[in-house]
Amino acid sequence: MSSPKFERVKKNNPRLSDFLDRLVSYINSQIQSGESYIIPKLAAAALRLTDAEAVVLLEVLVKGEILQRIYNVYCRKNETLLTTVENIDDLDRLPRCDDCDECHSPRDLKVEIAYRVKNGNVRSGIV
Amino acid sequence: MAGRGQGGKKGTNESLSLSLSAQTHQQILDYLKVAEDSTHPEIRDTAVQLAKDASEHQRKQTARLQPATAAMLSLLTLALAGASIWYFFVHYSERVATIMSVMVFGLAIIGVCLLAMVSNQLSQANFVKLVEAVWSKSVGSLWGPRAKHPESPEREKLTSNDD
């Protein structure tokens, strides 16, 4: 039994229905295996789509308030996760890097776009 | 899937000088743009719509003035202009009132365009075009006939008599 939100998203995007079903199955399998984030590149590989196509499908679920876009910020020097932010504007107010003991400029950082189930209801999945 | 420099995108100095949020927003737009060439038409159409929505949202976010506030101020400007025009026609001769009304109306239109530009509803290029159009219509209509006056039929008659 699908969630009402997901049914609404499918109703609003009837042509994407099959793709969304496959994506949600993938998301549920990831959640059940203990992953809390959905990485577009991995989703694309699992669904045999391009990264850009996977991002479009994930964004459709974001628009339907099923998923939430998050940003993992990494320090380029040490390849360590500096922080995870939910709001894109927070990327301009990042904390000091403890490993390097300095405040990095944007060129010293890299941002990974990821998605997670909205409202933190990770365990139950989407469907 | 990383910052603009790593994800196979153009790592130009220009993009690196942008803030991290602007780079990330651009990265998402780039994905949507790439998806516009998808082999799946249903994903392609959705990508076009999402890109449009994202651009619109960004435009609203970066506006120095909220569109609703700009609309209210524009309405106020036009109302003041209307009241001024009414005042001119009540208190001055028709000729003077007409001249002042045209000027006030032109200024009001320029004010509205300025508000639209500040709220990101109008580009700078279109603003300049509109100002030029208003200037030529209002000021041109006021001073245009006077400039042409020497070439009036009476003048032509005088010059032909001289011959």
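Structure's up top.
The following paragraphs examine the structure supplied in this document. Everything numeric here is computed off the predicted structure, so don't read it as measured data.

1. Describing the overall build of chain A
The secondary structure content of chain A amounts to 4 helices and 3 strands. Helices and strands appear in chain A in the N-to-C order α-α-α-α-β-β-β. Counting the 127 residues in chain A, one finds 33% classified as buried. Here the analysis covers contacts within chain A between residues at least 6 apart in sequence; of these, 56% occur between residues at least 24 apart.

2. Details of the overall build of chain B
In terms of regular secondary structure, chain B is built from 7 helices and 0 strands. Along chain B, helices (α) and strands (β) appear in the sequence α-α-α-α-α-α-α when read from the amino end. The proportion of buried residues among the 163 residues of chain B is 17%. Excluding contacts between residues fewer than 6 apart, the proportion of contacts in chain B whose partners are at least 24 apart in sequence is 46%.

3. Observations regarding the sheet that holds strand β2 (residues 80-85) of chain A
As a general point, the strands of a sheet are linked pairwise by backbone hydrogen bonds and lie either parallel or antiparallel. Residues and elements named next belong to chain A. The strand order across the open sheet built from 3 strands is β2-β1-β3, with neighbouring strands paired in antiparallel fashion. The sheet is open, and its two borders are formed by β2 and β3 (109-117), each paired with just one other strand. Neighbour-to-neighbour, the strand axes of the sheet open up by a mean angle of 30°, direction not taken into account. For strand β1 (residues 67-75) and β2, the ladder comprises 5 bridges, and the chain directions are antiparallel.

4. Focus: the interface of chain B and chain A
If you look at the interface, chain B gives 24 residues, while chain A gives 26 residues. Elements that contribute at least two residues to the side of chain B that touches chain A include exactly α2 (20-35) and α3 (41-62) of chain B. The element best represented in the side of chain B that touches chain A is α2 of chain B, accounting for 11 residues. By residue class, the composition of the side of chain B that touches chain A is 12 nonpolar, 11 polar and 1 charged.

5. Quick word on the environment of valine 112 of chain B
Residues and elements named next belong to chain B. Within the secondary structure, valine 112 is located in helix α5 (residues 94-118). Taking the number of C-beta atoms within 10 Å as the measure of exposure, valine 112 has 21 and is therefore buried. Linking valine 112 and leucine 73, residues 39 residues apart in sequence, is a C-alpha distance of 8.0 Å. Setting aside residues no more than four positions away along its own chain, valine 112 makes contact with Ser74, Thr77 and Leu78.

6. Focus on the environment of glutamate 102 of chain A
Its place among the elements puts glutamate 102 of chain A in the loop between β2 and β3. Residues within four places of glutamate 102 of chain A in sequence aside, it is in contact with Arg96 and Cys97 of chain A.

7. What to know about the packing of α2 of chain B against α3 of chain B
Residue and element names in this part refer to chain B. Orientation of α2 relative to α3, taken along the N-to-C sense of each, is 155°, at an axis distance of 8 Å. Here α2 is positioned roughly antiparallel relative to α3, judged by the angle of their axes. The hand of the α2/α3 crossing is left-handed. Residue-level contacts link His25, Ile28, Leu29, Leu32, Lys33 and Ala35 of α2 to Ile43, Arg44, Ala47, Leu50, Ala51, Ala54 and Gln58 of α3. Here the contact of α2 with α3 is built from residues that sort into 9 nonpolar, 2 polar and 2 charged.

8. Digging into the packing of helix α3 (residues 40-47) of chain A against helix α4 (residues 51-63) of chain A
All names here are of chain A. At a minimum axis distance of 8 Å, the contact between α3 and α4 shows a crossing angle of 105°. The orientation of α3 relative to α4 falls into the category roughly perpendicular. Each of Pro40, Lys41, Ala43, Ala44 and Leu47 in α3 lies in contact with α4, whose residues at this interface are Asp51, Glu53, Ala54, Val55 and Leu58.

9. What to know about the nonpolar core
Judged by nonpolar contacts, the single largest core of 39 residues is most densely connected at Leu20, Val56, Leu57 and Leu58 of chain A together with Ala35 of chain B. Among the elements that take part in this core, α4 of chain A stands out by supplying 8 residues, more than any other. Ala70, Ala108, Val112 and Cys113 of chain B belong to the second largest nonpolar core, which has 8 residues in total.

Criteria and cut-off values
Residues numbered from 1 in each chain as written. Chains lettered and ligands numbered in written order. Predicted model: local features only at pLDDT ≥ 70, side-chain atom pairs only at ≥ 80, totals over all residues. Helix = DSSP H or I, 4+ residues; strand = E, 2+ residues; numbered from the N terminus. Buried ≥ 20, exposed ≤ 12 C-beta atoms within 10 Å, placed from the backbone. Contact = placed C-beta atoms within 7 Å. Pairing = 2+ DSSP bridges. Axes fitted to C-alpha atoms, helices over the stretch in contact; angles between N-to-C directions. Nonpolar A, V, L, I, M, F, W, Y, C, P; charged D, E, K, R; others polar. Parallel < 35°, antiparallel > 145°, perpendicular 65-115°, else oblique. Left-handed = near helix turned anticlockwise from the far one by under 90°. Core = buried A, V, L, I, M, F, W, Y, C linked by C-beta atoms within 7 Å.

That's the geometry; what it means functionally is another story.
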